[in-house]
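Below, each chain spelled out in residue letters.
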Amino acid sequence: MTVLGLGPMGHALASAFLRARHPVTVWNRTPGKAGDLLDRGAVAAGSVRDAVQDGHVIIACLIDYDAVRAVLEQAPADWGNRRLINLTSGEPAQARRMARWASSRRIDYLDGAILTPTSAVGTPAAAVLFSGARHVYEAVEETMAAVGGTAVHLGDDPGRAAAYEVALLDIFVTSVNGIVHAFALASAEGIEPERFAAFATGIGGLLPEMITRFAEQIRTGRYPGDRSTIASAASGITHIINAATSHGIDTGMLTAAKSVLDHAVAEGYGPQSLARLTTVLNKTGRP
Ligand SMILES: NC(=O)c1ccc[n+]([C@@H]2O[C@H](COP(=O)([O-])OP(=O)(O)OC[C@H]3O[C@@H](n4cnc5c(N)ncnc54)[C@H](OP(=O)(O)O)[C@@H]3O)[C@@H](O)[C@H]2O)c1
């Protein structure tokens, strides 16, 4: 087992494989990052070539796909029956390109997306998505069990795991933006962060049920506005924008959201549920 990349996630993966008693070779662009892994039995390879030659399953966990390509170009041309699992975050098109690159070199390739933080790796809380040829997944499934938790193979399309990952990251990134914006607005109004948090966490609690309800509405194409409507949200967002503006707080994200709501109202969707915005976004994003 070889791990290319010893950032926080590469380190956590190597650690989990050691804990599961796999022989582990590690390589990192900047030397000296293996730390405690060496004390626990890992071998630090001096080059990518040596690292790849040392393992049967080669895991790449680097900052992006460009780095993965740059690193793998230093590997031997003949991979024999070694398998490459790329757990680097990226875009679906990048994953598909990477799979074509691997195929052109006769390398068995699997793409993956880790959905949980480093602290979950090697525990039941870990969640990893895989996509690519099923026979490759089946060949590495047992070895990858060391990462722990839930592993799901999403099918032969190598871009599928990255497709899930970008869409899920969309939720995370926009939510974090919303949270810090709300704290900025609350602070500008003199509200203490902890007092605000006590109510803000209640909003977070509403989301799981809403996500499930939206999924059904999007699947059926029916968007009843019986709980809340686009028209109401379009009106409400104006108050947030005005309050933020009065404190000199950036409103870029809110005005972008308002423009989608306004577009939906103009299309006659005002009385419908917010899930309808999914179809409006498909239009407003076009050049
Ligand atoms: N950390 C998490 O909680 C988490 C969770 C889910 C998914 N992931 C994904 O896992 C991947 C790795 O994340 P990470 O947290 O370990 O840290 P990271 O900061 O995303 O990546 C650091 C690693 O990339 C290497 N690297 C950067 N540029 C390089 C280049 N041009 N050539 C070769 N190596 C290069 C670094 O080497 P040097 O040490 O030499 O700089 C280091 O090994 C990312 O795609 C990330 O999105 C991370």
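Residues numbered from 1 in each chain as written. Predicted model: local features only at pLDDT ≥ 70, side-chain atom pairs only at ≥ 80, totals over all residues. Heavy atoms only, no water.

- An unreviewed UniProt entry lists the protein under the name 6-phosphogluconate dehydrogenase, with Streptomyces spiralis given as the organism.
- Checking UniProt for the protein, the heading Sequence similarities (unreviewed entry) contains the comment "Belongs to the HIBADH-related family." (UniProt positions renumbered as here; feature names shortened; annotations may be inferred.)

## Notes on the UniProt feature "domain: NADPH-dependent reductive aminase-like C-terminal" (unreviewed entry) in the protein
Item 1. Within this structure's numbering, the places UniProt gives as "domain: NADPH-dependent reductive aminase-like C-terminal" (unreviewed entry) are residues 157–282.
Item 2. Between the end C-alpha atoms of residues 157–282 the distance is 23 Å, and the span holds 75% helix and 0% strand. (Helix = DSSP H or I, 4+ residues; strand = E, 2+ residues; numbered from the N terminus.)

## Re the pairing of strand β5 (residues 83–86)
Item 1. Strand direction decides the pairing type here: strand β4 (residues 57–60) and β5, joined by four bridges, are parallel. What sits directly across from Ile58, in β5, is Leu84.
Item 2. In terms of handedness, the path from β4 via helix α4 (residues 65–72) over to β5 forms a crossover that is right-handed.
Item 3. The sheet contact formed by β5 and strand β6 (residues 108–114) spans four bridges and is parallel. Looking at the pairing, Arg83 lines up with Asp108 of β6.
Item 4. A crossover connection joins β5 to the parallel β6 through helix α5 (residues 92–104); in handedness this β-α-β unit is right-handed. (Pairing = 2+ DSSP bridges. Right-handed = clockwise from strand over helix to strand, strands pointing away.)

## Things to note about the nonpolar core
Item 1. Core analysis: the largest hydrophobic core is formed by 31 residues, its most contacted members being Leu13, Phe17, Ile59, Ile85, Leu87 and Met144.
Item 2. Every element with two or more residues in this core is listed here: α1 (8–19), β4, β6, β7 (127–132) and α6 (134–144).
Item 3. Among the elements that make up this core, the one with the highest residue count is α1 (seven residues).
Item 4. Contact partners of Ile85, with chain neighbours within four places excluded, come to Val57, Ile58, Ile59, Ala60, Leu110, Phe130, Val140 and Met144. (Core = buried A, V, L, I, M, F, W, Y, C linked by side-chain atoms within 4.5 Å. Buried < 20%, exposed > 50% of the residue type's maximum accessible area, 1.4 Å probe, protein only. Contact = heavy atoms within 4.5 Å.)

## Brief notes about the sheet that holds β7
Item 1. With mixed pairing, the eight strands of this open sheet are ordered in space as β3-β2-β1-β4-β5-β6-β7-β8. In the strand order of this sheet, the two ends are held by β3 (43–44) and β8 (150–153), each with one partner.
Item 2. For strand β2 (residues 25–27) and β3, the ladder comprises two bridges, and the chain directions are parallel. Paired with Val26 across the two strands is Ala44, which belongs to β3.
Item 3. Helix-sheet contacts for α4 involve β1 (2–4), β2, β4, β5 and β6, and the interaxial angle to β5 is about 155°. (Axes fitted to C-alpha atoms, helices over the stretch in contact; angles between N-to-C directions.)

## Some remarks on the site of the ligand
Item 1. Taken together, 21 residues lie near the ligand, and Met9, Asn28, Thr30, Lys33 and Ser89 sit nearest.
Item 2. Within the backbone of Met9, an N or O atom sits 2.8 Å from an oxygen atom of the ligand.
Item 3. A distance of 3.2 Å separates an oxygen atom of the ligand from a polar atom in the backbone of Ile63.
Item 4. Surface burial for the ligand is 74%, taken as the share of its 880 Å² of free accessible area covered by protein chains.
Item 5. Put simply, the parts of the chain that give the shell around the ligand at least two residues each are α1 and α4.
Item 6. For the shell around the ligand, the element with the highest residue contribution is α1, accounting for three residues.
Item 7. Split into classes, the residues belonging to the shell around the ligand amount to 10 nonpolar, nine polar and two charged. (Near = heavy atom within 4 Å. Polar contact = N/O pair within 3.5 Å; in protein donor to acceptor, adjacent residues only side chain to side chain. Areas by Shrake-Rupley, 256 points an atom, 1.4 Å probe, with all protein chains shown as cover. Nonpolar A, V, L, I, M, F, W, Y, C, P; charged D, E, K, R; others polar.)

## Quick look at the UniProt feature "domain: 6-phosphogluconate dehydrogenase NADP-binding" (unreviewed entry) in the protein
Item 1. UniProt records the feature "domain: 6-phosphogluconate dehydrogenase NADP-binding" (unreviewed entry) at residues 2–155, using the numbering of this structure.
Item 2. The distance from the first to the last C-alpha atom of residues 2–155 is 24 Å, and the span holds 36% helix and 21% strand.

## Quick look at the packing of helix α10 (residues 252–266) against helix α11 (residues 277–284)
Item 1. The interhelical angle for the contact between α10 and α11, taken along N-to-C directions, is 105°, at an axis separation of 10 Å. Classified by the interaxial angle, the pair formed by α10 and α11 is roughly perpendicular. In this structure, α10 contributes Val260, Leu261, His263 and Ala264 to the contact, and α11 contributes Leu277, Val280, Leu281 and Thr284.
Item 2. Per-class residue counts for the contact of α10 with α11 are six nonpolar, two polar and no charged. (Parallel < 35°, antiparallel > 145°, perpendicular 65-115°, else oblique.)

## Focus on the packing of aromatic side chains
Ring pairs (aromatic) are described by centroid distance and by the angle formed between their planes.
Item 1. This structure, assessed with the given rule, holds two aromatic pairs.
Item 2. Between the aromatic rings of Phe130 and Tyr137, the centroid separation amounts to 5.5 Å while the plane-to-plane angle is 45°, which identifies the pairing as tilted.
Item 3. You can call Tyr137 buried: its relative accessible area is 6%.
Item 4. For the pair Phe183 and Phe196, a centre-to-centre distance of 5.4 Å together with 75° between the ring planes defines the contact as edge-to-face. A residue pair is termed long-range when its members are at least 10 positions apart, and Phe183 in helix α7 (residues 160–188) and Phe196 in helix α8 (residues 193–220) qualify at 13 residues. (Phe/Tyr/Trp six-rings, centres within 6.5 Å; stacked < 30°, edge-to-face > 60°.)

## What about α10?
Item 1. Compared with an ideal rise of 1.5 Å per residue, which puts 15 residues at 21 Å, α10 spans 21 Å between its outermost C-alpha atoms and is within 8% of the ideal.
Item 2. Along α10, the residues that are buried comprise Leu254, Val260, Leu261 and Ala264. Down the axis of α10, the smallest arc covering the buried residues is 125°, so these residues share one side.
Item 3. For α10, the elements touching its buried residues are α7, α9 (230–246) and α11.
Item 4. Of the residues flanking the end of α10, it is Gly268, one or two places downstream, whose phi is positive at about 90°. (Expected span 1.5 Å × (residues − 1). Arc of directions from axis to C-beta.)

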